[in-house]
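Report on the structure
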Amino acid sequence: MAPRGIVGVVRRRPPRMRAPVLLASRRALAAMAEGPLARTIRTKLSAALQPTHLQVLDDSPRHGGPPGAESHFSVVVVSGRFAGLSPLQRHRLVHAALSAELAGPLHAIAIVARTPQQWDSDPRVPPRPPCMGGSKHEQDAAAHGEQ
């Protein structure tokens, strides 16, 4: 019989921390998977625009570059700094933050730039256009059987 005053021992498991741990793990994996140019893009856009949401996607493999070539990117930037600005002005802010990269290793960047209010009302990102491969000159030459 149990001593007086002790009814029974109930062992409870500690509460699980599923979402924060999983989220932290995904972020860590994403950061490790990014190449140096992707990390630079993320760092510079974060510093310049203080985004509430930022996605940096390396689209280089879709454009036929060699493995590891970081040349084509898509970014989704949600920032209060975009309030009252036209899409062109928003793109200019992104380009200004990445001017050194655009002058060097960054060949192309697709930009989705929204305010937090726009993002809250519609967080969908339009699909990226397919890569046509090569330049228009190369496509025209191929169409005419030239080399």
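All of the points below concern the structure found in this document.

Rules used throughout
- The residue numbering used here restarts from 1 in each chain and proceeds along that chain's sequence as written.
- A pLDDT threshold of at least 70 governs which residues receive local features in this predicted model, and a stricter bar of 80 or more applies before side-chain atom pairs are shown or counted, although totals over entire chains, interfaces and linings include all residues.
- Water and hydrogen atoms were dropped before computing side-chain values, which therefore reflect all heavy atoms in the structure.
- Helix numbers and strand numbers start at the N terminus; a helix is a DSSP run of H or I with at least 4 residues, a strand a run of E with at least 2.
- For the purposes of these results, a polar contact is taken to be a pair of N or O atoms within 3.5 Å, where, inside protein, one atom must be able to donate a hydrogen and its partner to accept one; residues adjacent in sequence count only when each atom of the pair is a side-chain atom.
- Residue contacts follow a heavy-atom distance rule, with two residues in contact if any of their heavy atoms lie within 4.5 Å.
- Three labels apply to residues, based on accessible area from a 1.4 Å probe with only protein chains included: buried if under 20% of the type maximum, exposed if over 50%, partly exposed otherwise in between.
- This arc corresponds to the set of directions leading from the helix axis out to the C-beta atoms.
- Nine residue types can take part in a nonpolar core, namely buried Ala, Val, Leu, Ile, Met, Phe, Trp, Tyr and Cys, and a core is a set of them joined through side-chain atoms within 4.5 Å.
- Any two strands with at least two DSSP bridges between them are considered paired.
- Note on geometry: axes are C-alpha line fits, over the in-contact stretch for helices, and angles between N-to-C directions span 0 to 180 degrees.
- Positive charge is attributed to Lys and Arg, negative charge to Asp and Glu, and no charge count is given to His or to the chain ends.
- Whenever Lys or Arg places a side-chain nitrogen within 4 Å of a carboxyl oxygen from Asp or Glu, that contact is recorded as a salt bridge.

Next up on the list: the side chain of Asp-59. Mapped onto the elements of the fold, Asp-59 is located in the loop between β1 (53–58) and β2 (72–78). A polar contact of 2.3 Å, which involves the side chain of Asp-59, links it to the side chain of Ser-74. With near-sequence residues (within four places) excluded, Asp-59 lies in contact with His-72, Phe-73, Ser-74 and Arg-128.

By the burial criterion, the buried members of helix α3 (residues 87–97) are Arg-90, Val-94 and Ala-97. The arc that holds every buried residue of α3, seen down its axis, measures 65 degrees, which confines them to one face. Those residues of α3 that are exposed and aimed more than 90 degrees away from the buried face are Arg-92 and Ala-96. Buried positions along α3 lie against α2 (36–49), α4 (99–102), β3 (108–114) and α5 (116–121).

Among the nonpolar cores identified, the biggest contains 18 residues, and Ile-41, Leu-45, Phe-73 and Val-75 are the most heavily contacted of them. Elements supplying a minimum of two residues to this core: α2, β1, β2, α3 and β3. Per-element tally for this core: the top contributor is α2, with 5 residues. Not counting the four nearest positions on each side in its chain, Leu-45 is found in contact with Gln-50, Pro-51, Leu-54, Val-75, Val-77, Val-94, Ala-97 and Leu-98.

We now examine the sheet that holds β3. Pairing within the open sheet is mixed, and its 3 strands lie in the order β1-β2-β3. At either margin of the open sheet sits one strand with a lone partner, and together these are β1 and β3. Each neighbouring strand pair of the sheet contributes to a mean axis angle of 10 degrees, computed without reference to strand direction. Here β1 runs beside β2; their pairing, made up of 6 bridges, is antiparallel. Residue pairing in the sheet places His-53 in a bridge with Val-78 of β2. Where α2 meets the sheet, its contacts fall on β1 and β2, and the angle it forms with β2 comes to roughly 25 degrees.

Mapped onto the secondary structure, Arg-114 falls in strand β3. As a buried residue without a salt bridge, Arg-114 has its nearest oppositely charged side chain in Asp-122, at a separation of 5.1 Å. Within the structure, Arg-114 has its side chain in polar contact with the backbone oxygen of Arg-124 (distance 2.8 Å). Among residues more than four places away in sequence, those in contact with Arg-114 are Val-77, Val-78, Ser-79, Phe-82, Arg-90, Trp-119, Asp-122, Pro-123, Arg-124 and Pro-126.

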